[in-house]
Amino acid sequence: MPDLIIRGPNVVLPDAIGPRAVHIEDGKIVAVIDYDQIASDCEVIEVDENSVVMPGLVDTHVHVNSPGRTEWEGFQTATRAAAAGGVTTLIDMPLNSIPPTTTLAGFNTKLETARNNCFIDVGFWGGVVPGNTSELARMFDAGVVGFKCFLVPSGVDEFPHVSEEHLREAMPELTRLGALLIVHAELPGPITSEGVHPESYETFLASRPRAAENEAIELMIRLSREFDTRVHIVHLSSADAVPVLRRAQAEGVKISAETCPHYLHFAAEEIAAGATEFKCCPPIRERENREALWEGLAGGVIDFIVSDHSPCPGEMKLRESGDFMKAWGGIASLQLRLPVVWTEARRRGFSLLDLARWLCANPAAQVSLQTQKGSIAVGHDADIVIWNPNAEFLVDANTLQHRHKISPYNGETLHGVVQKTFLRGKKIYDEAHFGDAKNGRLLIERQ
Ligand SMILES: [Zn+2]
């Protein structure tokens, strides 16, 4: 017997949307059946025709920055923002926390910080830095989902970037483990750090040209082929790389890519002088580049969309001087990924099925959670978001739940209002009311 039924006319399944009743028992989906087949004696949540029932979102690119830089974000504030945005699983990045997740000891410190401190389920990436190859198996055995590296300075000293020589040492070990390597793919060569007008967005954009990404991706294709390592390009911004990736994928190279809401929504031409809340690396590029990224998603070369939630204290954005070259790069959009992507996707004729693949199923599969998360299917965790795709709202950064209320989306009107979020059958968000911060689990068991 189920202990909860969520039913409505618009339930988003892996390959169809229709009237269904989702039966939930002990936090798992035990049946997905005809709308009318009601079991007695259990709580029933009726969802009306204006709203959809979709899998809880999975966001595999989030910088929680804790321990060590908890004043930038932290597990409670990040996962609270996630719950309000319909996100039920996030994977924390290995850098910006101190210690970084580059040793088993660092990972254990992180787990202590996160335990009993999360509104949603949380997994962890480890890091590849120069000289830590002997730590990789130990971290992988302890439950990190895979490993991230940078090919350019990361912005924090305790997470140095790797060169090809370092990768030649680490990649055979990653292949042996069967671990995924995710890569911040910009090479230092084409990047400049000086500009005549640092408050002009054009100066910043010119300083991080597409070539830095394109060359890094060529390098990673070559190394993935040589070492047979699974490689994933994080936050792809240069659409020039889409045909390059398509060709490599067709040739059997194990390489995939993600992009982010800001690259799909904003355009460089529209960013005002000094508006450093738009700074991230790689940068937001031209309108024409944005449309080519959408084509990359449509064609399946880009697998999914994650937030790259990368917050910092407001003063680090240097809003007063408006210096793009010196401001911290990062956009905190964990809570807004659903409405931003939906607002742009619906405008281009994409469906809720596309949205659920990009925000739920495909990111779950990236971290081998596809039998547990990211779909409304029997046997999966009952992670569900109920939201209204036609309702609009005005973004007020002050009402966002992450720690520092700074957002380039402030003042935008977006489509898609999250109403309720369920984690393993438990309601964790309901129209501005939250569950408690002990509901989330740490995802450290290999599936
Ligand atoms: Zn990132």
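Q: What exactly am I supposed to notice about the packing of aromatic side chains here?
A: The geometry of an aromatic ring pair is captured by the separation of the ring centres together with the interplanar angle, meaning the angle of the planes. Evaluation of the coordinates by the stated rule reveals 16 aromatic pairs. Ring geometry for Phe150 versus Phe159: centroids 5.9 Å apart, planes at 75°, classification edge-to-face. Per residue, the accessibility class of Phe150 equals that of Phe159, and both read buried. Centre to centre, the rings of Trp294 and Trp358 are 5.9 Å apart; their planes meet at 65°, and the pair counts as edge-to-face. In this pair, Trp294 sits in helix H9 (residues 287–298) while Trp358 sits in helix H11 (residues 352–366), placing the two residues 64 residues apart along the sequence. Ring-pair connections join several aromatic residues into one group, and the members of that group are Phe75, Phe107 and Phe124.

Q: What exactly am I supposed to notice about the coordination of the zinc ion here?
A: Around a metal, the ideal angle is 109.5 degrees if four donors adopt a tetrahedral arrangement and 90 or 180 degrees if six donors adopt an octahedral arrangement. Taken together, His61 (NE2), His63 (NE2) and Asp308 (OD) make up the full set of protein donors to the zinc ion, lying 2.1 to 2.2 Å away. Sequence spacing of the donor residues for the zinc ion, all on one chain, is H-x1-H-x244-D. When sorted by exposure, His61 lands in the same class as His63, which is buried.

Q: Would you mind showing me how to read the nonpolar core here?
A: Nonpolar side chains in soluble globular proteins tend to be buried together. Of all hydrophobic cores here, the largest spans 109 residues; its most connected members are Met54, Met220, Ile233 and Trp387. Ignoring sequence-local partners within four residues, the contact set of Met54 consists of Val12, Leu338, Leu355, Ala356, Cys360, Ile376, Asp383, Ile384, Val385 and Trp387. In this structure, Leu95, Trp125, Val156 and Trp328 belong to the second largest nonpolar core, which totals 20 residues.

Cut-offs applied
- Residues numbered from 1 in each chain as written.
- Predicted model: local features only at pLDDT ≥ 70, side-chain atom pairs only at ≥ 80, totals over all residues.
- Heavy atoms only, no water.
- Phe/Tyr/Trp six-rings, centres within 6.5 Å; stacked < 30°, edge-to-face > 60°.
- Buried < 20%, exposed > 50% of the residue type's maximum accessible area, 1.4 Å probe, protein only.
- Helix = DSSP H or I, 4+ residues; strand = E, 2+ residues; numbered from the N terminus.
- Donors = N, O, S within 2.8 Å, 3.2 Å for Na, K, Ca; no water.
- Core = buried A, V, L, I, M, F, W, Y, C linked by side-chain atoms within 4.5 Å.
- Contact = heavy atoms within 4.5 Å.

By themselves, these figures tell us nothing about what the structure is for.
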